[in-house]
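Geometric and topological summary
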Amino acid sequence: MPSLYIKGNILRKEDRGFEKALMDTLFNKLDPKRRPFCIITPHNVADIIATIRYAKSIGKTISVCSGGQSWSANHIRENNILINMGGFNHFQINKEKLTAQVEPGVEGGMFLNALMNQNLFFPTGHCKHTKLGGHLLQGGLGWNSRKFGIACENVTGLDIVTANGELVHANASQNTDLFWAARGAGGSFCGIVVCFHLRLFTKPLYSGAITQAYDMKHLEEVYRWAYEVGPQVPAAAELQLLMSRRVLKFLGAGIEASVPIFADSKEELEEAKAFMLQSPIKKKAFLSTPFVPYQVTTMCRFRAIHYPENHHWCVDNMWTSATIDELLPYLKGISKALPPAPSHMLWRNWHPSNRRADMAFSVEDKIYLGLYGAWKSPLQTRKSCTWATDWMRWMSHLSSGIHLADENLRNRPARFMLDTHLQKLNQIRAVRDSSQVFSTWPTCPYSSYDPRVLYP
Ligand SMILES: Cc1cc2nc3c(=O)[nH]c(=O)nc-3n(C[C@H](O)[C@H](O)[C@H](O)COP(=O)(O)OP(=O)(O)OC[C@H]3O[C@@H](n4cnc5c(N)ncnc54)[C@H](O)[C@@H]3O)c2cc1C
């Protein structure tokens, strides 16, 4: 068998430390029961090129992870080669040009902190540890994304190692097929991204949040209000409703309406606050705050309360533009079947911009519903691991698609890209990776797009 010589680390299935290294690539501690043939942690681009050649020579496929924070652990495949890009974790900021170059293993929170110190901003993920690799490739609904765009819309170029083992640059004028695919293909991208080139923003003058918490008995009023106010919520505000059995970590079962706001002027701030402060249901809240100024890093810490580490998770989601009367029976059902916290349901008023770039990312809708089932002990897995997917399956007739980062494709195939985009992506893959060295989404066999698989 040919050998692989690289500067980075190689761990084979039989090596000591393999299990730990594999589980360390997973935020979700649910064991996927799949094991790669080996894990490669490249030290440099030459290591990646050598690994691609090696994989081809022994007939193995390659999967990639940057932070392993995708809930469904699609990067873990049976008997293939896993490339862990976590060591590619450097970044450079150019304040004058409002640009940055970031490697995929850079932690979103750390990057945002460095930007804020220079009065800059980027829509990184809502939790500090979310890595930029998966965030940017899968779309990335980040801080202030309603205004600054989905994170991947702010990728202006990428350095990519292709299936041929070449390092290329892709942007709007060169290797445009790869540039198009990299913004939304996520787990089916036909290359390994070693660096993202980003467009940055000036840090908003005002940042902070308004929070209101409601007892579960007000469920119908809260969701009716959120539904009705949704289209008018200014882009500077993100209306999110988090339903759980432990609102704000310490209180009882209910719904937490938390609204991060990022505004560039006093007028914009006042306009963004108004729908919350003048809400007709506000008097029913058992906790209600004014607008409290926070740095986004503090808001990241608040958000992390609901996503603790060292848990097993089953997550699924849907985009919808169903009516509130269609949704309510299911929301009520979910409230009754809600497992203990930190399990929760997230309702996000999204109402997307109608000025998206042309890119692989192409499915979004007015409302985003995410179910996050969490449990601590592996003994609970059998009981807990279908809650999120079952509810999303029952509601699938109301869904217009799913969001890739929080999906559960292995257990519930669903639409995550427009048909035309999926066909184009498969054509790009067929040309760029004719030897099929890179793995694709679990339910979408390479270049054999079958609508019956994706739309059962
Ligand atoms: C606590 C928590 C909070 C989250 N918050 C958000 C949020 O606010 N917004 C949001 O949109 N999502 C969020 N997510 C979901 C989502 O998984 C992450 O945004 C993102 O995918 C994490 O990036 P990652 O690098 O860890 O992904 P990974 O799991 O490492 O990668 C995802 C997929 O992308 C591909 N990939 C990764 N790196 C590369 C690379 N360098 N080259 C080629 N392909 C690659 C792989 O195929 C992989 O399967 C969150 C997840 C968690 C666990």
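Source: prediction; values computed, not measured.

1. Here's the deal with the pairing of strand 9 (residues 167-171)
Examined bridge by bridge, strand 8 (residues 155-162) and strand 9 share 5 bridges and lie antiparallel to one another. Within the sheet, the bridge partner assigned to Gly 157 lies in strand 9 and is Asn 171. Connecting strand 8 to the next strand, strand 9, in antiparallel fashion are 4 residues, including Gly 165 with a positive phi near 80°.

2. Some points on the environment of Glu 228
By secondary structure assignment, the location of Glu 228 is in helix 7 (residues 219-229). The exposed category is assigned to Glu 228, whose relative accessible area is 52%. Along the sequence, Glu 228 and His 90 sit 138 residues apart, while their C-alpha atoms lie 44 Å from each other.

3. Some points on the domain arrangement of the chain
In terms of domains, the chain is made up of domain 1 (9-85), domain 2 (88-202) and domain 3 (206-406). For domain 2 and domain 3, the distance between their C-alpha centroids amounts to 25 Å. Facing 28 residues of domain 2, the contacting portion of domain 3 comprises 36 residues. When domain 2 packs against domain 3, close to 2,700 Å² is buried across both sides, 62% of that on carbon and sulfur atoms. On the domain 2 side of the contact with domain 3, Leu 141, Trp 143 and Arg 146 bury the most area, a combined 30% of that side's loss. For the interface between domain 2 and domain 3, the tally reads 3 salt bridges. We note a salt bridge from Lys 147 to Glu 268, for which the minimum N-O separation is 2.9 Å. Connecting domain 2 to domain 3 are 15 residue pairs in polar contact (both at pLDDT 80 or more). Secondary-structure elements contributing two or more residues to the side of domain 2 that touches domain 3 are helix 3 (108-117), helix 5 (145-148) and helix 6 (176-182).

About the criteria used
Residues numbered from 1 in each chain as written. Predicted model: local features only at pLDDT ≥ 70, side-chain atom pairs only at ≥ 80, totals over all residues. Heavy atoms only, no water. Pairing = 2+ DSSP bridges. Helix = DSSP H or I, 4+ residues; strand = E, 2+ residues; numbered from the N terminus. Buried < 20%, exposed > 50% of the residue type's maximum accessible area, 1.4 Å probe, protein only. Domains from an automatic or database assignment. Contact = heavy atoms within 4.5 Å. Buried area = accessible area lost by both parts, 1.4 Å probe. Salt bridge = Lys/Arg side-chain N within 4 Å of Asp/Glu carboxyl O. Polar contact = N/O pair within 3.5 Å; in protein donor to acceptor, adjacent residues only side chain to side chain.

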